[in-house]
Amino acid sequence: MAGSDTLATGTTGTPAAPDTVKILIAGGFGVGKTTMVGSVSEITPLRTEEPLTVAGLGVDDLAGIEEKRATTVAMDFGRITISDELVLYLFGTPGQQRFWFMWNDLAVGALGAVVLLDVRREGEGLPDVLGRVRVPAVEAVDRHDEGDAPALEEVHRGEARL
């Protein structure tokens, strides 16, 4: 009923529930997944952030994100209502390598993914991230003021660095 001023109704005369689509927000540690979900969600997002601790020293690479103080340990959740008939559910993945096992579970039922890349960080190549996301995906390169954007070909090959 796109473009209609009336809400679709079910067989009981009550408004029909909208179709829902699950979208995975994936990427490496500190790339901005929690920020993205929080920025676009129409609801206060569910976050499972915990403070970084001494136990993560030597495990979590903070190069380029030294100001980071918390990390997602399970997922982020947000919602975007496109229309009365369509709602997007956003599921943000944890970025630390020790939590990557959760990506497959979070991807179950997802129509696709937005893969965020931070080209300032070594080892954040698109092929590495896409290898862990087993749904159709689009890429988004996190922009920073430190330099020019990399060539798209560099991003695809995992060679993009500022």
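Each value, and the rule that gives it
Residues numbered from 1 in each chain as written. Predicted model: local features only at pLDDT ≥ 70, side-chain atom pairs only at ≥ 80, totals over all residues. Heavy atoms only, no water. Pairing = 2+ DSSP bridges. Helix = DSSP H or I, 4+ residues; strand = E, 2+ residues; numbered from the N terminus. Axes fitted to C-alpha atoms, helices over the stretch in contact; angles between N-to-C directions. Contact = heavy atoms within 4.5 Å. Core = buried A, V, L, I, M, F, W, Y, C linked by side-chain atoms within 4.5 Å. Buried < 20%, exposed > 50% of the residue type's maximum accessible area, 1.4 Å probe, protein only.

Student: How would you sum up the sheet that holds strand E2 (residues 46–51)? Please name residues and give values.
Tutor: Taken together, 6 strands build an open sheet; the order of strands is E2-E3-E4-E1-E5-E6 and the sheet is mixed. A single partner strand is all that each edge strand has here, and the edge strands are E2 and strand E6 (137–141). On average, each strand axis in the sheet is tilted by 20° relative to the strand beside it, whichever way the strands run. Bridge analysis of strand E1 (residues 19–27) against strand E5 (residues 110–117) gives 6 bridges, and the strand direction is parallel. Each residue of the ladder has a partner; that of Gly27, found in E5, is Leu116. Of the strands in this sheet, E1, E2, strand E3 (70–83), strand E4 (86–92) and E5 are in contact with helix H1 (residues 33–40), which crosses E3 at around 30°.

Student: Can you break down the environment of Leu116 residue by residue, with the values?
Tutor: Structurally, the position occupied by Leu116 is in strand E5. Leaving out residues up to four positions away in the same chain, Leu116 has contacts with Ile25, Ala26, Gly27, Gly28, Val31, Gly32, Lys33, Met36 and Ala140.

Student: Would you mind going over the nonpolar core in detail, with residue names and values included?
Tutor: The biggest cluster of nonpolar side chains holds 9 residues, and these are Val21, Ile23, Ile25, Val31, Val37, Leu88, Leu90, Val114 and Leu116. Those elements that place two or more of their residues in this core are E1, E4 and E5. Among the elements that make up this core, the one with the highest residue count is E1 (3 residues). Once residues lying within four places of it in the same chain are set aside, the contact partners of Ile25 are Lys33, Met36, Val37, Leu90, Phe91, Gly92, Thr93, Val114 and Leu116. By size, the runner-up hydrophobic cluster in this structure holds 8 residues, among which are Leu24, Phe91, Ala110 and Val135.

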